[in-house]
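# Architecture at a glance
So you can see what is in the structure, the chains are spelled out below.
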Amino acid sequence: MSIQQYLIPHNIIREERRLPPLKWSKKLAKFASWWAHKRQADCALIHSNSDYGENLFWGSGKDWKPGDAVAAWAEEKDYYDHKKNACTKNKDCLHYTQMIWKDSLKIGCAKVVCRSGDTLIACNYDPHGVDVRPSSLTLGAQIIFYGIGRSDQLEDHTI
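Residues numbered from 1 in each chain as written. Predicted model: local features only at pLDDT ≥ 70, side-chain atom pairs only at ≥ 80, totals over all residues. Heavy atoms only, no water.

For clarity, the cut-off: UniProt positions are given in the numbering used here, feature names are shortened, and annotations may be inferred rather than shown by experiment.
As annotated in an unreviewed UniProt entry, the chain is SCP domain-containing protein from Gossypium mustelinum. Listed in UniProt under the heading Function (unreviewed entry), the comment for the chain reads: "Probably involved in the defense reaction of plants against pathogens."

Following this line, the structure appears as structure tokens:
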């Protein structure tokens, strides 16, 4: 896979929000490859729990491209409420918020074809972004910050 096949679709989404482009990191790509290969036997969407942001994609068959994974993650933007900085109730927007995390400036990705013949694509981001999860304790949303993240690091532009 070409590095540009990962960078271009990510950076198009970031450009829509006037965010700086992501730069390729060999270190992150090596980590993404290591993790994807760890999952190659079962193709399970299990996160590495590393200190990097991480998006995982699974597709049936071997013909999936990096742009397909990015497009799937970007579809979650419809479930992200920019004003509340929260996902719509019972919807996932965490892949999208990772892609638009303002301070995430480096990315590395990898693709493997699993033993099942299906595709797993992993992208890791540094620094990692925010995790926006519905809170079971309140009617609103709970924001869980990774590391030194702050809610003001998500741009507040409307699309």
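Now that the structure is up, let's keep going.
### Let's talk about the overall build of the chain
Short version of the rule: The way it works is that DSSP assigns letters per residue, a run of H or I at least four long becomes a helix, a run of E at least two long becomes a strand, and they are numbered from the N terminus. The cut-offs for exposure are 20% and 50% of the maximum accessible area for each residue type, with area from a 1.4 Å probe on protein chains only; residues under the lower value are buried, those over the upper are exposed, and the others partly exposed. Whether two residues are in contact is decided by their heavy atoms, any of which lying within 4.5 Å being enough. Accessible surface area values rest on a Shrake-Rupley calculation with a 1.4 Å probe, where residue burial reflects the displayed protein chains alone.
Across its full length, the chain holds four helices and eight strands. Seen in sequence order, the chain has helices and strands lined up from the N terminus as α-β-α-β-α-β-β-α-β-β-β-β. Within the chain, the proportion of its 159 residues that are buried is 44%. Counting contacts in the chain only where the partners sit at least 6 residues apart, residues at least 24 apart contribute 63% of the total. Here the chain has roughly 8,800 Å² of accessible surface; of this, 53% comes from carbon and sulfur atoms.

### Observations concerning the sheet that holds strand β5 (residues 106-113)
Going by this rule: Paired strands, in this sense, are two strands between which DSSP finds at least two bridges. Interaxial angles span 0 to 180 degrees and are taken between N-to-C directions of axes, which are lines fitted to C-alpha atoms, for helices over the stretch in contact.
Across the sheet, which stays open at both edges, the four strands sit in the order β1-β5-β6-β2 with mixed pairing between neighbours. Edge positions in the sheet fall to β1 (23-24) and β2 (53-59), since each of these pairs with one other strand and no more. Looking at chain direction, β5 and strand β6 (residues 119-126) are connected through eight bridges and run antiparallel. Pairing of I107 across the sheet is with Y125, part of β6. Across the sheet, helix α2 (residues 26-38) is in contact with β1, β2, β5 and β6; its angle to β5 comes to roughly 30°. Sheet contacts for helix α3 (residues 66-74): β2 and β6; angle to β2, the most-contacted strand, approximately 110°.

### Some thoughts on α3
To be explicit about the condition: What the arc describes is the spread of directions from the helix axis to the C-beta atoms.
Residues of α3 that are buried include every one of P66, A69, V70, W73 and A74, and no others. For α3, the angular spread of buried residues about the axis comes to 135°, placing them on one side. Packing partners of the buried residues in α3 comprise α1 (3-16), β2, α4 (94-99) and β6.

### Focus on the side chain of S48
By secondary structure assignment, the location of S48 is in the loop between α2 and β2. When near neighbours in sequence (up to four residues on either side) are disregarded, S48 contacts F31, W35 and E54.

### Focus: the packing of α1 against α3
What counts, and what does not: Note that the term roughly parallel is reserved for angles under 35 degrees, roughly antiparallel for angles over 145, roughly perpendicular for angles of 65 to 115, and oblique for everything else. Here a crossing is taken to be left-handed if its near helix is turned anticlockwise relative to the far helix by less than a right angle, and right-handed if that turn runs clockwise.
Direction vectors running N to C along α1 and α3 enclose 25°, while the axes themselves pass 8 Å from each other. Put simply, α1 runs roughly parallel to α3. You can see that α1 and α3 cross each other, and the crossing is right-handed. Between α1, through Q5, Y6, P9, H10 and I13, and α3, the contact on the second element is made entirely by P66, G67, V70, W73 and A74.

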